[in-house]
Amino acid sequence: MSDALLMEMTGIGKSFGGVPVLTDVDFGVERGKVVALLGANGAGKSTLMKILSGNYARDAGAICIDGQAVEIKSPADAIALGIRMLPQELSIFPDLTVAENIMLGALPTNGGPVRTLDWRRMEDEAGALLRRLGLDWLSPKTRMGTLSHHVQRIVEIARAMTGNARVLIMDEPTAALAEAEVQLLFSIIRRLVAEGIAVVYISHYLREVFAISDQVVVLRDGRNAGTFVTADTKVEDVLEAIVGNRVGDIYPPHAASDAPRGEMVKAKGLAVPGWLRGVDFSVRHGEITGVHGLVGSGVEMVGRALFGAVPKTTVEAIEIGGRPYRLRPPGAAVAAGMGLVAAERKREGIIPMLSLRENMSVAKLPLFTRGWTVDRRREQETVGSWIQRLTVRARGPEQAIGTLSGGNQQKVCLARWLLGELRILILEEPTRGVDVGARQEIYRQIRGLAEQGLGIIIISSDAEEVAGLADRTIVLAGGRITETFERPTDAAHLMSAASKSAAA
Amino acid sequence: MTDIPTAAGTPPANTRRARDLLAKPWAGTVMLLVFYLIIIVIFTVLSPFFLSFPNLISIGTNASFIGLMAAAGTPLIIAGGLDLSVAAIAGLAGVIVSLGFAAGLNIWVGCALALIVGSGVGGINGALTNGLRLNPFIVTLGTMSIISGLSLVLTGGLTNPLMEDSFNWLGSGRIVGIPFPLILMIVTFAVIWWVLAFTPFGRYVYASGGNPDASRMLGIPVDRTQIALYVASGFAGALAGIIVGAMLGAAAPNAVGGYLLTVIAAIILGGTSLFGGRGSVWGTLLAVLILGTLNNGLTLLNVSSFWQDVTKGAVLLLAVGLDQLRVRVQN
């Protein structure tokens, strides 16, 4: 690296509850350059950026700006140093004007005893920022809510440019943007870079990364896994750095490929407005079928559409166990032998104030019901035996599930469906926020279930996980299947299949 | 990840034991019971008339119609709903019985009609909140206003007599010396407790309020559970209205409406979370008795009813504040 580094992080370490998330990570960016920060889910990208933007405190290492060591203890510290982060999700105020949205952090006021807003200055300054980004046509008086999604994004960039912004962190800025909009965004990034601003660009879309960045930094398992000058680098090298060669370590062996297997699910033309545009797939007995795609590719809807949890889902034809099936709401889908472990455990998985026991049994209460009442003794026996089989670590079955670790919560969410008869198990992002030990246990259980003849669907944006687990995989982009792998494949193939046609 | 060790390391054993105790699900109810005993001791010391069997019985009897509404309201709030129209339904029920009676309708047919109307209004509340996904606060505020308005329209704002011996027995009759309204309230609490504690439906109540999105993803009938609870709340409102009519021997269109806030206050004071997922009917029963006891004791001490309202509000804030403190210590 050169000595012109505007921002430099060295030897950064961070752990949560004794589990290291970042170990000895170096990262830096030069004035007027774009550095792409890449890595699989859980590699530590967002933790590193949260340290830089003052949301987390680091355990070890140093941060320098212009060669001067600095302390960043809060987001306000970071902003004062000119470090601005654009969040993944839009955070705008639709009922305020563009000018108000841009200037909210530093509203100009008139002097005098009662400080009132100085509308003229606010609109002048906002207008100047918009011109700086090349948006001469956008009036600061426009109401934010009337603008399209990508223009709102750009107004957010203008907001980040208030004050003395010098380092701009963009986390997946192009998610849900169309190709032309991506080009507009890129032209704005190039303008900022020409002014000498340093940009950190986080994205899963390798094509975009290669189009916009000067340098690529890859993290893997919380460590540096490679630094590349973009112009001299091939995509394959970067992919290899992202994936590494540790696939297979924590995954159980794949199913034997020669055994003939019947089809458990056969779906044709599964469609969800705005998400899926006619997807055909099948799931066989005894196999794990992977569904992979980047966030926003429609991958997040496949399982829940089949489960009947998405309104307006349509399907041309669907068979389960060889018989025609009509999509039905979750309650009836459960009765038909389906189970779904939702991606966002907090929002759609656990019922936090209820006990581990109640969480585990609640979807299958008819199993324990005798006459009018729940047979508490049988419930406790069954729950107790699953706690042991899945090695759920808790003080006991009566502990509130909200107080367990992510991995143990996920084991309960999985066990839920195993209490009774189950034919099809749909797992969305099965190990998000789950530590490695629990991950291995969950993988082992999933493979065991497949061996019992269940149809299993793993839906994951983590290519490595899909590669390690799935016997067959479909890859989605833009709501369609882009590639089908009939055999186990590796993460690099999955990633390139998911990212190369993403904007098509 | 959640277990971040504190700078002081692990807390000493006795602190931890106290914390474990506070974390028990019944800890809030026990605190409330202690609170109640303190109130009883204070009133016993201050008034020689307070601690007698007839007085204690009359506290329970006078609170019984509030108890009926609060008993049905508790599972509804646990499940994530809210019924502000329950007291207005009680008023309408009295009006229906009394008008029917005046028109020569058999009084028991009138009662049945009132219960059906009450349940029906509950069904409308349930359909609007769950079918159209409208906010329960606004929906039941609306039906409350409609129902109490209708009661006034039907009666012209006048009080109608309801004197019929067998009917009035509902208000003043006794079984082995205990007034019927008190028995009805206790039985209602017991039934709702049994449903919540032992039936699958009871589990769905807690799950629906604890995390409706997760519950739906698990195939739990969240909407049906809530609608059933709105119907139950409407039914209980009508039942409360009938009991009040029987006790007073008359039905006034606005006889019960003013007690809505007491009903809600009792549910919250009893430890039920307004955000759903947490609560118990025994806590509600205790809270109903505490509020009734405060009324009774302060009246015995010749405190004006204006000051009684002030006291009740202060007790509510104190109890809810203490409970919040408990939850914080526990974490």
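Residues numbered from 1 in each chain as written. Chains lettered and ligands numbered in written order. Predicted model: local features only at pLDDT ≥ 70, side-chain atom pairs only at ≥ 80, totals over all residues.

Peer 1: How would you summarise the overall build of chain B if you had to cite specific residues and measurements?
Peer 2: The number of helices and strands found in chain B is 14 helices and 4 strands. Compactness check: chain B gives a C-alpha radius of gyration of 21 Å against a globular reference of 20 Å for 331 residues, within 12% of the reference. For the C-alpha atoms alone, the extent of chain B along its principal axes is close to 75 × 55 × 35 Å. Burial status across chain B gives 46% buried among its 331 residues. A fraction of 77% describes how many contacts in chain B between residues 6 or more apart in sequence connect residues 24 or more apart. (Helix = DSSP H or I, 4+ residues; strand = E, 2+ residues; numbered from the N terminus. Rg over C-alpha atoms; globule rule 2.2 N^0.38 Å. Buried ≥ 20, exposed ≤ 12 C-beta atoms within 10 Å, placed from the backbone. Contact = placed C-beta atoms within 7 Å.)

Peer 1: If you had to explain the environment of Ile183(B) to someone new, which residues and values would you point to?
Peer 2: Residue and element names in this part refer to chain B. Note that Ile183 resides in helix α8 (residues 180-198). Sequence-wise, Ile183 and Ala114 are 69 residues apart; in three dimensions their C-alpha atoms are separated by 21 Å. Apart from residues no more than four positions distant in its own chain, Ile183 is found in contact with Ile175 and Ile178.

Peer 1: Before we move on, can you summarise the pairing of strand β8 (residues 198-202) of chain A with the specific residues and values?
Peer 2: Residues and elements named next belong to chain A. In terms of residue burial, β8 counts as a mostly covered element, since 5 of its 5 residues are buried. Here β8 shows two buried faces, one formed by Ala198, Val200 and Ile202 and the other by Val199 and Tyr201. Pairing of strand β3 (residues 34-38) with β8 involves 4 bridges; the strand directions are parallel. Each residue of the ladder has a partner; that of Ala36, found in β8, is Tyr201. Alignment of strand β7 (residues 167-171) against β8, held across 5 bridges, turns out to be parallel. Bridge pairing links Leu168 to Val199 in β8. (Pairing = 2+ DSSP bridges.)

Peer 1: Any chance you could break down the interface of chain A and chain B for me, citing the residues and the numbers?
Peer 2: Contact residues are listed per partner, giving 27 residues for chain A and 23 residues for chain B. At the level of elements, α10 (330-335), α11 (345-349) and β18 (373-374) of chain A are the ones that each hand at least two residues to the side of chain A that touches chain B. Sorting elements by how many residues they give to the side of chain A that touches chain B places α10(A) first, with 4 residues. In the side of chain A that touches chain B, the residues fall into 17 nonpolar, 7 polar and 3 charged. (Nonpolar A, V, L, I, M, F, W, Y, C, P; charged D, E, K, R; others polar.)

Peer 1: If you had to explain the pairing of β3(A) to someone new, which residues and values would you point to?
Peer 2: All names here are of chain A. Within β3, 5 of the 5 residues are buried, which leaves the element mostly enclosed by the surrounding structure. Judged from the 4 bridges that link them, β3 and strand β9 (residues 215-220) form a sheet pairing that is parallel. From the neighbouring strand, Val35 faces β9, where its bridge partner is Gln215.

Peer 1: Which residues make up helix α6 (residues 179-194) of chain A, and what values go with them?
Peer 2: Residues and elements named next belong to chain A. Between the first and last C-alpha of α6 there are 23 Å, a value that for 16 residues agrees with the 22 Å anticipated at 1.5 Å per step. Residues of α6 that are buried: Leu185, Ile189 and Leu192. Taken end-on, α6 shows its buried residues confined to a sector of 60°, consistent with a single buried face. Relative to its buried face, α6 has exposed residues pointing more than 90 degrees away, namely Glu179, Ala180, Gln183, Ser187 and Ala194. Check the buried side of α6 and you find it contacts β3, β7, β8 and α7 (206-212). Looking at the residues trailing α6, positive phi occurs at Gly196, about 100°. (Expected span 1.5 Å × (residues − 1). Arc of directions from axis to C-beta.)

Functional significance is not addressed by these values, which are geometric in nature.
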